[in-house]
Amino acid sequence: MKKFGLLLFILFFLSCQKQEKPILSFYCWKTVFKFSELEKEILKNNQVQKLYIRYFVVDLLEKTNEAFPKAPIQFQEKTTGFKVVPVIYIKNKVFLNPKINLEELATKTNSIINQINAKNNISIDEVQFDCDWTLTSKDALFKFIEIFKKVAKVKISATIRLHQIKYYQKTGIPNVDKAVLMYYNMGKIAPDSLNSIYDKKIADKYLESIQKYPLQLEIALPIYSWAIHIRDGKITGLKSKISIENIKKDTNFVQVNNRFFKAKNPCFKGGTYYKTDDILKFESISEEDLLEMTDDLKENLKQNPKEIIFYDLDEFNTRQYENDIFTKISNRF
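Reference entry: report on the structure contained in this document. Every value quoted in this text rests on a predicted model; they were computed, and no experiment measured them. (Residues numbered from 1 in each chain as written. Predicted model: local features only at pLDDT ≥ 70, side-chain atom pairs only at ≥ 80, totals over all residues. Heavy atoms only, no water.)

### Description of the side chain of glutamine 128
Reasoning step 1: Following the sequence through the fold, glutamine 128 ends up in strand 7 (residues 126-130).
Reasoning step 2: Among the polar contacts made by the side chain of glutamine 128, one reaches the side chain of tyrosine 27 at a distance of 2.7 Å.
Reasoning step 3: If sequence neighbours within four positions are ignored, glutamine 128 has contacts with Tyr27, Tyr52, Val85, Pro86, Val87, Ile88, Ser157, Ala158, Thr159 and Val180. (Helix = DSSP H or I, 4+ residues; strand = E, 2+ residues; numbered from the N terminus. Polar contact = N/O pair within 3.5 Å; in protein donor to acceptor, adjacent residues only side chain to side chain. Contact = heavy atoms within 4.5 Å.)

Here's what the structure looks like:
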């Protein structure tokens, strides 16, 4: 009986130690907030209760070098039923400007967020900042975050790139309540054959470093794709939401391999002019890529993430996958 009781205790202890599956959330990266029917279905089927909504971009005016909010969000649909986290993308050059008034920037940023919230009857308890800071801009960014926390009195989260994790002793660690690892945009956008969104060889160089990062990490995974427009070996533009299937059917293009297409005639496509021999290089993330990324992260994270955020919620993006892909990923943890 004693052995049986001990066994029950061990089983009970192990069951208590089992971690809960991460919740599923999405980034909404549009200037107009409105769901399609498919997007509503995705949110409902995956029991999504939290949305990270891009509120605006902070850039510098060319003439005055002053920081200003660019392309603020417009809500055409209510956020009822969802916890909203405003995401503010701040360009790195803002914090490279030695004349930037960080207190003024923090106050104005908070004011604009509050105005958007008041107009759309949104209450928040967290703001996320997205900035690919460098060694020369980190001090200004980190100070800005400290000031903003005092001004806004909300939780702060920040996106973290892989290089900022591997070299955190140099790049620094922001004083935030939550860190979100962007597990994408791993390489340079280039005319070569590599996938700049995700490349396992590049990812493998950083995976071990994740174990040593001092902060608990939530995970952001990519579900987007794009096409790179190449002319004479040089990049001329980046085309989002362009279907590879439509290009396959277009008689103005010939398929070179599974990712490269060449224009055989001068033509206009989606408002872009293509000269003869222009190249479209498609970069996307397959279901197999997502599951591979998930398994690698599971193996190297110190503890399971509480949340997985997909970038980003858009009908064009979600149509690439089977309906159960998001729960498949959550179930891997």
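### Regarding the packing of aromatic side chains
Reasoning step 1: Applying the stated criterion across every chain yields a total of 25 aromatic pairs.
Reasoning step 2: Consider the rings of tyrosine 27 and tyrosine 311, whose centres lie 5.9 Å apart with planes at 65°: the pair is edge-to-face. Here the residue tyrosine 27 occupies a position in strand 1 (residues 23-28), and tyrosine 311 occupies one in strand 18 (residues 307-311), the gap between them amounting to 284 residues. The residues tyrosine 27 and tyrosine 311 share a single accessibility class, namely buried.
Reasoning step 3: The interplanar angle of 20° and the centroid separation of 5.7 Å between the aromatic rings of tyrosine 184 and tyrosine 311 together place this pair among those described as stacked. With tyrosine 184 in the loop between strand 9 (178-182) and helix 8 (200-210) and tyrosine 311 in strand 18, this pair connects stretches of sequence that are 127 residues apart. Like tyrosine 311, tyrosine 184 is buried. (Phe/Tyr/Trp six-rings, centres within 6.5 Å; stacked < 30°, edge-to-face > 60°. Buried < 20%, exposed > 50% of the residue type's maximum accessible area, 1.4 Å probe, protein only.)

### Details of the layout of surface pockets
Reasoning step 1: In this structure, the largest pocket spans a volume of roughly 830 Å³.
Reasoning step 2: Lining the largest pocket are 29 residues; nearest its centre among them are Trp29, Asn185, Tyr224, Trp226 and Tyr311.
Reasoning step 3: Here the lining of the largest pocket gets three residues from one element, more than from any other, and that element is strand 12 (residues 234-240).
Reasoning step 4: Its residues assigned to classes, the lining of the largest pocket comprises 13 nonpolar, eight polar and eight charged. (1 Å grid on protein atoms, 1.4 Å probe; cavity = no way out; pocket = protein on both sides within 12 Å on 5 of 7 lines; lining within 4 Å. Points joined across faces, edges and corners; volume = space filled by probe spheres on them. Nonpolar A, V, L, I, M, F, W, Y, C, P; charged D, E, K, R; others polar.)

### Details of the packing of helix 4 (residues 102-119) against helix 5 (residues 138-152)
Reasoning step 1: Two elements in contact, helix 4 and helix 5, have axes whose closest approach is 9 Å; the angle formed by their N-to-C orientations is 50°. Put simply, helix 4 runs oblique to helix 5. Helix 4 and helix 5 meet at a crossing whose hand is right-handed. For the pair formed by helix 4 and helix 5, the contact residues are Leu102, Glu103, Leu105, Ala106, Thr107, Thr109, Asn110 and Ile113 on the first element and Ala140, Lys143, Phe144, Ile147, Phe148, Val151 and Ala152 on the second.
Reasoning step 2: For the contact of helix 4 with helix 5, a count of residues per class yields ten nonpolar, three polar and two charged. (Axes fitted to C-alpha atoms, helices over the stretch in contact; angles between N-to-C directions. Parallel < 35°, antiparallel > 145°, perpendicular 65-115°, else oblique. Left-handed = near helix turned anticlockwise from the far one by under 90°.)

### Some thoughts on empty space enclosed by the protein
Reasoning step 1: For the structure on display, the rule yields two cavities of 30 Å³ or more.
Reasoning step 2: Lining the largest cavity are Cys28, Lys30, Val32, Phe33, Lys34, Phe35, Glu39, Ile73 and Leu313.
Reasoning step 3: The calculated volume of the second largest cavity comes to roughly 30 Å³.
Reasoning step 4: What lines the second largest cavity is simply Phe129, Asp130, Cys131, Trp133, Leu141, Ile145, Ala158, Thr159 and Pro174.
Reasoning step 5: Elements supplying a minimum of two residues to the lining of the second largest cavity: strand 7, helix 5 and strand 8 (155-160).

### Focus on the nonpolar core
Reasoning step 1: Ranked by size, the top nonpolar core spans 94 residues in total, and within it Phe26, Tyr55, Phe144, Phe148, Tyr183 and Leu221 carry the most contacts.
Reasoning step 2: Here this core takes eight residues from helix 5, the largest share from any one element.
Reasoning step 3: For phenylalanine 26, the contacting residues outside a window of four places in its chain are Ile42, Leu43, Val48, Lys50, Leu51, Tyr52, Ile223, Ile309, Phe310, Leu313 and Phe326.
Reasoning step 4: Membership of the second largest hydrophobic core comes to ten residues, among which are Ile247, Phe253, Phe261 and Ala263. (Core = buried A, V, L, I, M, F, W, Y, C linked by side-chain atoms within 4.5 Å.)

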